[in-house]
Amino acid sequence: MALDLTESMGPNSLREERSKVEFDVEAMKVVWAGGIEHKNMADKIRAIVTNDPVFEKVSRPQQDRKTLLKNSLKKAAHAWKIIQEKKLTEQEARLLRYYIDEPNYTDLHWGMFIPAIKGQATEEQQKKWLPLAYRMSIIGCYAQTELGHGSNVQGLETEAVFDPSTDEFVMHSPTLTSTKWWPGGLGKASTHAMVYARLITDGKDYGVHAFIAQIRSLEDHEPLPGVTVGDIGVKFGNGGYNTMDNGLLRFDHVRIPRENLLMRLASVTKEGKYIKSGYPKQIGYGAMVSVRSYIVKDASDILSRAVTIATRYSAVRRQFGGGEGNPETQVIDYKSQQSRLFPMLASAYAFRFVGEWMGHLYDDVMARLSVNDFSTLPEVHACTAGLKSLTTSYTSKSIEECRMLCGGHGYLCDSGLPELYAAYVPACTYEGDNVILLFQVARFLMKSLSQVGMGKKPTGEAAYLGNIQGLATKNCGIKQGGEWMNYEAVVEAFQARAARLSGACALKLNKAPDVEAAFEEYSTDLADAAQAHCQLIIVDKFAEKMKSAFPGQGTRQILEVLFFVYSLDLINKHAAEFLSTGYLTSKQLSLAKDQLRSCFRKVRPNAVGLVDAFGHTDHYLGSILGRYDGDVYPNLYKAAWNNALNESTVTEGYEAYIRPVIKNQTQNSHRR
Ligand SMILES: Cc1cc2nc3c(=O)[nH]c(=O)nc-3n(C[C@H](O)[C@H](O)[C@H](O)COP(=O)(O)OP(=O)(O)OC[C@H]3O[C@@H](n4cnc5c(N)ncnc54)[C@H](O)[C@@H]3O)c2cc1C
């Protein structure tokens, strides 16, 4: 008898959920996108990707490495054709690459190589390289990390020795550990690399500088003489980041013109004299703020994607309860499921808003740099490093949490979550290891506090440290649960916790005879202080966002609930810090938890609406569990039969390896 694959339960569940939503989902889509123009642009690009068969991706987890790379090259070329034919803007082109949802060399070309040129090349050099890069007449990658060193950039070993007799730098990899290792796009695609190497001239080592080196022929793509280049191998997970050709690179005395040193910060004359430009090294931070603001926005997108899958599936999935003709309970109705899911939903919105704010921060930094105002750079550097660290770490953990929220089916690649996890988790490592980035924030906080001691007022997101005395002495005044529903009260709690954690670290460092040894000794406390500082920024920016006008009925009300879910959940999860710093009492903490529970109740009927407002297409989600229509089971069933192992009823290998076992012939065959 043919199996009936028309299933009504899942679609009905989601239809019912959508009928309960208390706010205007279309208006929220505009809020999420950051304005109607952004939403329209996203809709336009999503439609291009969804309707083009070249961008199919469901078969990816079953493909071998060579097929993955070839398909990824095909998608990149097809995308480039679309970008040119449709004359997409830079922003639209970025969105197109983003929605194609497949890591490949263009990420590095546009995301690192070009920003590095903009940040570190002189105007004259930019005029030479940028048009080539914008036309994609050259493909660039970002070759910093080596086999032996990544985080410790000053430990890089690749050498660029200046030879005044030919006016060239000689690039050389003197040791095995100096082999460039990891750069995306390097392995198979790039023609040029932004190489970080030690600049040596007149016998003196001036430390690590950026150089542009051509590595492959522009005619036949063969490596140039003296260049050894290849792919480093298969990475974590099926599909995932394996569409990317992370590469290795060695130089054997390869000569490049002197002008290929990016000379905005320092130059070398024909005679070999090293000259600093006078710009602070933070001049390149503008490009970095832009890159990091995209990383944070991407974190909100990836988080929202995982949360969409887990939320829709939690509304479709039923376990226990029911009886007497009633359906079983939707797992989203279990409080434990809500307490795991809803903070992630709230975090997606929180990260979105902080990412949006970082876009404005970038405009501010660029405006200041244009008039040689470098005053905000240290603070901006610390803030963006910390936000990159916090949002990517949280998003990575949350994808795995979403997988567990989907139970067994979450572990199938058809859920979309395993591949998402595999492709996303390296974000915790590239663009700066997340722990190392927190230490950079901590160093900035310690410096700011020592300057406060000398009467200097911290600025920007660190301004609250100027009031450390007040924050260290005034405790929370909340007496009733409802008083937690107050933006100022929440922000002040985060300020007090962050200031007190930093203050305690500063005291320990001040007392230590050797500050560097003490920094190492108390590094976990310092990382906690840095994390508290970054969480404060996110809470503060969310609270600030709530001061703006929102379109549509009910959007403000539900965003307000999400603000309190985000912040009260953090207070709950970091209760030890709020209590041990003495700002909160256990009673106040308990009141906060009660409020959190009541916020969960308000989120519940709106949960599916809140994930619909992300506007993700089924193509982007790549998940049977997260389908918009909720038609999960029939599609899981169909997908199982599309799996390569089910192409035949009797498996390959039966004759050789199963039959001898069940016929008890293995020993005989062995003896024979
Ligand atoms: C998918 C992927 C893509 C990448 N793409 C590129 C690219 O395009 N270009 C490029 O140049 N690089 C790239 N990288 C490399 C990446 O930037 C580095 O791996 C990263 O900077 C971390 O450096 P590392 O590997 O040396 O880690 P390590 O520094 O060796 O870290 C190992 C561990 O030691 C800890 N640790 C290190 N130092 C300290 C310290 N001082 N105190 C306390 N703990 C410490 C770290 O937290 C970590 O837990 C990529 C990496 C990945 C995974």
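Residues numbered from 1 in each chain as written. Predicted model: local features only at pLDDT ≥ 70, side-chain atom pairs only at ≥ 80, totals over all residues. Heavy atoms only, no water.

Check the secondary structure of the protein chain and you find 24 helices and eleven strands. By the compact-globule yardstick of 26 Å for 672 residues, the protein chain fits well, its C-alpha radius of gyration being 27 Å. Based on the C-alpha atoms only, the size of the protein chain along its principal axes is roughly 90 × 80 × 60 Å. Burial status across the protein chain gives 55% buried among its 672 residues. Taking all contacts inside the protein chain whose residues are at least 6 apart in sequence as the whole, residues at least 24 apart take part in 75%. Entry remark: accessible area of the protein chain is about 30300 Å², with carbon and sulfur atoms responsible for 54%. Side-chain charges in the protein chain split into 77 positive and 75 negative, and the spacing between the mean points of these groups amounts to 2 Å. (Helix = DSSP H or I, 4+ residues; strand = E, 2+ residues; numbered from the N terminus. Rg over C-alpha atoms; globule rule 2.2 N^0.38 Å. Buried < 20%, exposed > 50% of the residue type's maximum accessible area, 1.4 Å probe, protein only. Contact = heavy atoms within 4.5 Å. Areas by Shrake-Rupley, 256 points an atom, 1.4 Å probe, with all protein chains shown as cover. Lys, Arg positive; Asp, Glu negative; His and termini not counted. Charge placed at Lys NZ, Arg CZ, Asp CG, Glu CD.)

Glancing now at the packing of aromatic side chains. Enumeration according to the criterion identifies 25 aromatic pairs in this entry. One aromatic cluster in this structure is built from Trp 32, Tyr 349, Phe 353, Tyr 487, Phe 542, Phe 563, Phe 564 and Phe 614. The cationic tip of Arg 18 hangs over the ring face of Tyr 628; the distance from NZ or CZ to the ring centre is 3.6 Å. (Phe/Tyr/Trp six-rings, centres within 6.5 Å; stacked < 30°, edge-to-face > 60°. Lys NZ or Arg CZ within 6 Å of the ring centre and 35° of its normal.)

Time to look at the side chain of His 192. Position of His 192 among the secondary structure elements: in strand S5 (residues 192–201). Setting aside residues no more than four positions away along its own chain, His 192 makes contact with Phe 113, Trp 129, Ile 138, Ile 139, Gly 140, Cys 141, Ile 212, Ala 213, Gln 214, Ile 215 and Leu 218.

Each pair of packed helices can be summarised by the angle the axes make with each other and by the distance between the axes. At a minimum axis separation of 10 Å, helix H12 (residues 434–453) and helix H14 (residues 487–511) run at an interaxial angle of 80°. In terms of axis orientation, H12 runs roughly perpendicular to H14. Together, Leu 445, Met 446 and Leu 449 of H12 and Ser 502, Gly 503, Cys 505, Ala 506 and Leu 509 of H14 make up the contact between the two elements. Here the residues of the contact of H12 with H14 sort into six nonpolar, two polar and no charged. (Axes fitted to C-alpha atoms, helices over the stretch in contact; angles between N-to-C directions. Parallel < 35°, antiparallel > 145°, perpendicular 65-115°, else oblique. Nonpolar A, V, L, I, M, F, W, Y, C, P; charged D, E, K, R; others polar.)

This paragraph deals with the site of the ligand. Among the 19 residues in the neighbourhood of the ligand, the closest are listed as Tyr 142, Gln 144, Thr 145, Ser 151 and Asp 433. Within the backbone of Tyr 142, a nitrogen or oxygen atom sits 2.7 Å from a nitrogen atom of the ligand. Here an oxygen atom of the ligand and a backbone polar atom of Gly 150 are 3.0 Å apart. About the coverage of the ligand: the protein hides 64% of its 970 Å² of free accessible area. It is H12 that provides the largest number of residues to the shell around the ligand, a total of three residues. Class assignment of the residues belonging to the shell around the ligand gives a composition of ten nonpolar, eight polar and one charged. Composition of the shell around the ligand by domain shows at least three residues from each of domain 1 (138–279) and domain 2 (285–612). (Near = heavy atom within 4 Å. Polar contact = N/O pair within 3.5 Å; in protein donor to acceptor, adjacent residues only side chain to side chain. Domains from an automatic or database assignment.)

Attention now goes to the UniProt feature "active site" (unreviewed entry) in the protein chain. Residues annotated by UniProt as "active site" (unreviewed entry) correspond here to Glu 431. In contact with Glu 431, not counting residues within four places along its chain, are Met 112, Val 291, Arg 292, Ile 295, Lys 388 and Leu 437. (UniProt positions renumbered as here; feature names shortened; annotations may be inferred.)

For the rest of this paragraph, the subject is the pairing of strand S8 (residues 247–251). On any regular strand, side chains alternate: one points to one face of the sheet, the next to the other face. Among the five residues in S8, four count as buried, and that is most of the element. Relative to S8, strand S4 (residues 180–181) runs antiparallel, the two sharing two bridges. Paired with Trp 181 across the strands is Leu 248, a residue of S8. Relative to S8, strand S7 (residues 227–231) is paired through five bridges, and the arrangement is antiparallel. Each residue of the ladder has a partner; that of Gly 230, found in S8, is Leu 248. (Pairing = 2+ DSSP bridges.)

Between helix H8 (residues 285–316) and helix H11 (residues 417–424), the shortest axis-to-axis distance is 11 Å and the interhelical angle comes to 160°. As judged from the angle between their axes, H8 and H11 are roughly antiparallel. Note that H8 runs across H11; the crossing there is left-handed. Taking contact as the criterion, the partners of Ala 299, Ile 302, Arg 305, Ala 306 and Ile 309 in H8 are, on H11, Leu 417, Leu 420 and Tyr 424. The class makeup of the residues in the contact of H8 with H11 is seven nonpolar, no polar and one charged. (Left-handed = near helix turned anticlockwise from the far one by under 90°.)

On to the environment of Arg 305, then. Relative to the helices and strands, Arg 305 resides in helix H8. The exposure class of Arg 305 is buried, given its relative accessible area of 4%. Linking Arg 305 and Asn 71, residues 234 residues apart in sequence, is a C-alpha distance of 23 Å. Those residues in contact with Arg 305 that sit more than four places away from it in its chain are Lys 57, Asp 101, Leu 420, His 616, Tyr 620 and Leu 621. In terms of polar contacts, Arg 305 uses its side chain to reach the backbone carbonyl oxygen of Tyr 620, at 3.2 Å.

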